[in-house]
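Survey of secondary and tertiary structure
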Amino acid sequence: MGGRNKYLVGLLTAVLMLSSCKKDKFDVPESNDPVFVVNGTIDNEAFQLVAGDAGAYMFTGTMDINNVDFFYGNLNDGNISIELGIFDGMIDMPFVDPENELPNVTPVFASQSTQPLVILSKFMMNNPQNIGQIKWYLNGTFVDFNEIEIYEPGWYDVMAEVTFTNGSTVQLENDIIVGYERTHNFDLVFGWDPFNNTLTASADMIGNPSGSFQDVTWTFNGNIISYSPSLPQFEVSTDGILTAEVTFAGTNVTRTKSIYVSPGSMNTVDDLTEFEEMASNNLYQDFNMRLNVIKGGVLYSSVPADNSNATIAITSFEYYGKNANNNDVYKVSANINAMVKSVVNGNQLPISFTTTFGVEIP
């Protein structure tokens, strides 16, 4: 099964329709006055949806797409479904509230990359001559052997199951952020003496030399061995995984990196920082929008469509109230002109509408 495998999540029909939901969809309370509406045209055919009228309902929820929140609303009457949502952004910063950032963002539609955002490859490791094969897993799912391509933005849990040329095997986990802006990052740099079985390491900050570390915790096989940014010479008596957990000062951004070493051999596995830093991030997906339309039983999406000439004008963004799951719902008014593409046959349709929409941001 060798070679490259494209890892596509969210663009295929099943995933677009059934992306895992962190929150269930809930009906926003009805009002005597129309609150949530869509007026416009699809392929030059007029349509109108009004929540509470003609069987139309407004639902809101939050999806998990590649470990990133997608906040959305869905207005449908059983014949036409309009789902409009916004990807989270600044995802490595735990205390950033999307509702405070969104009013200051100039939104664009998320797009489908035609080139891999990152390639994870056995042949790009520092010691491929010692590695027989690598089984790559993303978010707990096996993808392929030796080399894989990731085309979609996300915060991925990556596991490399490495089989060395001597037959020994290890599973090493790291996370990588792809296609989203990284506020902070560090490189786990190590020196390994396989003859004396000694290890030295340091956490080196990347891209922000004026920053500083708030906390650094080193563990070996789960046991804490140091709290210093630099790990002094450490004698290794057994195969093991060295992990550095770093919290950056002033932001509470925390990143964790791990490596593997084996006494008496050059059987090592680096962390994945090199791959993460090589990732193509020219177009970040932070706070980008996605539009899904179901018409005539066919799903159309803005993601694979050509939206280079699309326009999104947000005219208001304000708190509305709680939905049935007691999560906050924000009322978004907008004028949208875009293209949506069938995930079944590739037909592309123009859509233009004005709307006042509900979006859940828990």
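Structural notes, computed from the coordinates. (Residues numbered from 1 in each chain as written. Predicted model: local features only at pLDDT ≥ 70, side-chain atom pairs only at ≥ 80, totals over all residues. Heavy atoms only, no water.)

Across its full length, the chain carries three helices and 25 strands. In the chain, 63% of the contacts between residues at least 6 apart in sequence involve partners at least 24 apart. Accessible area of the chain: about 16,200 Å², with a carbon and sulfur share of 46%. (Helix = DSSP H or I, 4+ residues; strand = E, 2+ residues; numbered from the N terminus. Contact = heavy atoms within 4.5 Å. Areas by Shrake-Rupley, 256 points an atom, 1.4 Å probe, with all protein chains shown as cover.)

Spatial strand order, E14-E15-E18: three strands in an open sheet with antiparallel pairing. The open sheet terminates on both sides in strands that have one partner only, identified here as strand E14 (185–193) and strand E18 (230–235). Taking each pair of neighbouring strands and ignoring which way they run, the sheet shows an average axis angle of 15°. Relative to E18, strand E15 (residues 198–206) runs antiparallel, the two sharing four bridges. (Pairing = 2+ DSSP bridges. Axes fitted to C-alpha atoms, helices over the stretch in contact; angles between N-to-C directions.)

Next up on the list: the environment of Ser262. In this structure, Ser262 sits in the loop between strand E20 (254–261) and helix H3 (273–278). For Ser262, a relative accessible area of 8% corresponds to the buried category. A C-alpha to C-alpha distance of 4.4 Å links Ser262 and Asp239, two positions 23 residues apart in sequence. The contacts of Ser262, once residues within four sequence positions are left out, are Trp192, Asp239 and Asn267. (Buried < 20%, exposed > 50% of the residue type's maximum accessible area, 1.4 Å probe, protein only.)

So, on to the pattern of salt bridges. In this structure the tally under the stated criterion is six salt bridges. The salt bridge involving Lys295 is made with Glu45; its shortest N-O contact spans 3.7 Å. A residue pair is termed long-range when its members are at least 10 positions apart, and Lys295 in strand E21 (residues 289–295) and Glu45 in strand E4 (residues 45–50) qualify at 250 residues. Here Lys322 and Asp328 are joined by a salt bridge, their closest N and O atoms 2.7 Å apart. Exposure remark for Asp328: the relative accessible area of 19% places this residue in the buried category. Linked by salt bridges that have partners in common, Asp175, Arg255 and Glu276 make up one network. (Salt bridge = Lys/Arg side-chain N within 4 Å of Asp/Glu carboxyl O.)

Sheet analysis places strand E9 (residues 131–138) next to strand E12 (residues 154–164), joined by seven bridges and oriented antiparallel. Pairing of Tyr137 across the sheet is with Met159, part of E12. Sheet analysis places E9 next to strand E10 (residues 141–145), joined by four bridges and oriented antiparallel. Within E10, the position partnered with Leu138 by the bridge is Thr141. Linking E9 back to E10 in an antiparallel pair, the connection comprises two residues, with Asn139 at a positive phi of about 50°.

What follows deals with the environment of Phe59. Considering the arrangement of structural elements, one finds Phe59 in strand E5 (residues 57–65). Overall, the relative accessible area of 24% leaves Phe59 in the partly exposed class. On a C-alpha basis, the gap between Phe59 and Val359 in space is 8.5 Å, while along the polypeptide they are 300 residues apart.

With that out of the way, let us pick up the sheet that holds E20. Within the open sheet, the four strands sit side by side as E17-E16-E19-E20. Their pairing is antiparallel. For this open sheet the edge positions go to strand E17 (223–226) and E20, each flanked by a neighbour on one side alone. Along the sheet, successive strands turn relative to each other by an average axial angle of 30°, direction set aside. Where strand E16 (residues 213–220) and strand E19 (residues 240–248) come together, seven bridges link them in antiparallel fashion. Each residue of the ladder has a partner; that of Phe213, found in E19, is Phe248.

Keep in mind these numbers describe shape, not what the thing actually does.
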